[in-house]
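Structural description and commentary
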Amino acid sequence: MMEGNLLKLEHFASHDGPGIRLVVFLKGCPLRCRWCHTPESQHPEPELLYQQEKCLHCGVCGNIFEKTVPPVSQTDVENCPAGALKIAGFRMSAETIIAEAEKEQIFFDESGGGLTISGGEPLFQKEFCFSLLRLAAERGIRCCVETSGFGDPDALKSWIPYVEWFLFDWKETDPELHRRFTGEDNRLILRNLNLLNREGASIILRCPLIPGVNARPDHLKGIARLAEQLDHVKEIHIEPYHPLAAGHYRQLRREMPSLPKEFPPPAVVEAWRRQIAEFTAKPVIIP
Ligand code: SF4
């Protein structure tokens, strides 16, 4: 029975694909986007989360939170009298996930929803995702995959028959800036996006826009131009920056990259939308 490393399962979600969805957030990502708002999804293995404000400094846990990457044990977490420790991450089999999804099948059928595999990066656990997608198809559950596109092209291609929508992140048009913002350039990502398009997969481009980082006129135009070149990109979705990652970094005891502290105002997000829409006939949506 194949198991994957998960961060969480989100039931009755309405954001990551059409209708009501069960979203499987996997752990492990090869990119390090400066604006990542779930840094606890980046490392492939379970990680310790520490809530300093709850800690009694009693030493029962041997102060494991002081180690950079401590081995995480359920016993350490359970022994904490203050509930200051948690583990981010757990293992679950594809069969168990599908059993969870089947409980919600009636809602999927009524709303046009289904299962979404998100991350982290699904391509980081490519074999597990393939078995999950195949099992879902056998049980009549429709699937979306949210991907950064940074991974094995053959794996991505093998998923196409089982995926209703690819929610494909497009983070930065300029390859060098892409490297600066995420740790890798966008060449492989672009190749994989072209591959999906060539094979006729249905694609939604999902574009995180961060003020002072990638929300620049040349990138907004670049998004539109890319969508125009690719027949199977059906929609462009804007994902406006949200500044809620600070607590996550604190609990991981990691330094947060320097980023804006505020949500971009709705008028600014609408201006970005219009700037993209000026250069493409495809729908540009703020979901
Ligand atoms: S056991 Fe809990 S309360 Fe005690 S030091 Fe460790 S984290 Fe803090």
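Okay, so let's go over this structure. Sequence positions are assigned chain by chain, starting from 1 and proceeding in written order. Local features in a predicted model are, by the rule used here, given only for residues with pLDDT of at least 70; side-chain atom pairs are given and counted only at 80 or more, and totals for whole chains, interfaces and linings are based on all residues. Excluded from the side-chain calculation are hydrogens and water; included are all heavy atoms of the structure.

We call a set of buried residues a nonpolar core when its members are Ala, Val, Leu, Ile, Met, Phe, Trp, Tyr or Cys and they connect through side-chain atoms within 4.5 Å of each other. When accessible area is computed with a 1.4 Å probe and restricted to protein chains, residues below 20% of their type maximum are described as buried, those above 50% as exposed, and intermediate ones as partly exposed. Within the largest apolar cluster, 67 residues are counted, with the highest numbers of intra-cluster contacts made by Leu 115, Trp 159, Phe 166, Leu 205, Ile 223 and Ile 276. Only runs of H or I of at least four residues qualify as helices and only runs of E of at least two qualify as strands under DSSP, and these elements are numbered from the N terminus. With six residues, the top contributor of residues to this core is helix 4 (residues 126–138). One finds Ile 64, Cys 80, Ala 84 and Leu 85 within the second-largest nonpolar core, a separate group that totals ten residues.

For this description, a residue counts as near a given molecule or strand if any of its non-hydrogen atoms is within 4 Å of it. Every one of the 15 residues lining the ligand counts as a neighbour, but Cys 55, Leu 56, Cys 58, Cys 61 and Cys 80 are closest to it. Polar here means any residue outside two lists: the nonpolar Ala, Val, Leu, Ile, Met, Phe, Trp, Tyr, Cys and Pro, and the charged Asp, Glu, Lys and Arg; Gly therefore counts as polar. Across the shell around the ligand, the residue classes break down as twelve nonpolar, three polar and no charged.

Any carboxyl oxygen of Asp or Glu within 4 Å of a side-chain nitrogen of Lys or Arg constitutes a salt bridge here. The tally for this structure, following the rule as stated, stands at 18 salt bridges. Of the charged contacts, one joins Asp 185 and Arg 179 as a salt bridge, the two residues approaching to 3.2 Å between their closest N and O atoms. Relative accessible area serves as the criterion here: at 14%, Asp 185 is assigned to the buried category. Put simply, Arg 206 and Glu 239 hold a salt bridge, and the shortest N to O gap is 3.7 Å. Residue Arg 206 is located in strand 9 (residues 203–209), and its partner Glu 239 is located in strand 10 (residues 233–240); the two are separated by 33 residues in the primary sequence. Neither Arg 206 nor Glu 239 differs from the other in exposure class; each is buried. Ionic contacts of the salt-bridge type, sharing partners, join the residues Asp 16, Glu 146, Arg 206 and Glu 239 into one network.

For strand 9 and strand 10, the ladder comprises seven bridges, and the chain directions are parallel. Bridge assignment links Ile 204 to a residue of strand 10, and that residue is Glu 235. Seen with the strands pointing away from the viewer, any crossover whose path from the first strand over the helix to the second strand runs clockwise is right-handed. Handedness of the crossover joining strand 9 and strand 10 through helix 8 (residues 217–229) is recorded here as right-handed. Between any two strands, pairing holds if DSSP finds at least two bridges.

Attention now moves to the packing of helix 8 against helix 10 (residues 266–277). In a packed pair of helices, the relevant descriptors are the angle between the two axes and the axis-to-axis distance. Angles run from 0 to 180 degrees between N-to-C directions of axes, and those axes are lines fitted to C-alpha atoms, restricted for helices to the stretch in contact. Axis separation between helix 8 and helix 10 bottoms out at 8 Å; the angle between their running directions is 50°. On the basis of their axis angle, the class for helix 8 and helix 10 is oblique. In terms of crossing hand, the pair formed by helix 8 and helix 10 is right-handed. Listed contacts from helix 10 to Pro 217, Leu 220, Ile 223 and Ala 224 of helix 8 are Trp 272, Gln 275 and Ile 276. Roughly parallel refers to an angle under 35 degrees, roughly antiparallel to one over 145, roughly perpendicular to one between 65 and 115, and oblique to any angle outside these ranges. By definition, any crossing whose near helix is turned counterclockwise from its far helix by less than a right angle is left-handed, and any crossing with a clockwise turn is right-handed. The contact rule is simple, with two residues in contact once any of their heavy atoms fall within 4.5 Å.

In this structure, Gly 120 follows Gly 119 across a cis peptide bond, with omega equal to 5°. Mapped onto the secondary structure, Gly 120 falls in the loop between strand 6 (114–118) and helix 4. If you check the backbone angles, His 57 has positive phi at about 55° while not being a glycine. For His 57, the location among the structural elements is in the loop between strand 3 (47–50) and helix 1 (74–79). Since its relative accessible area comes to 55%, His 57 is described here as exposed.

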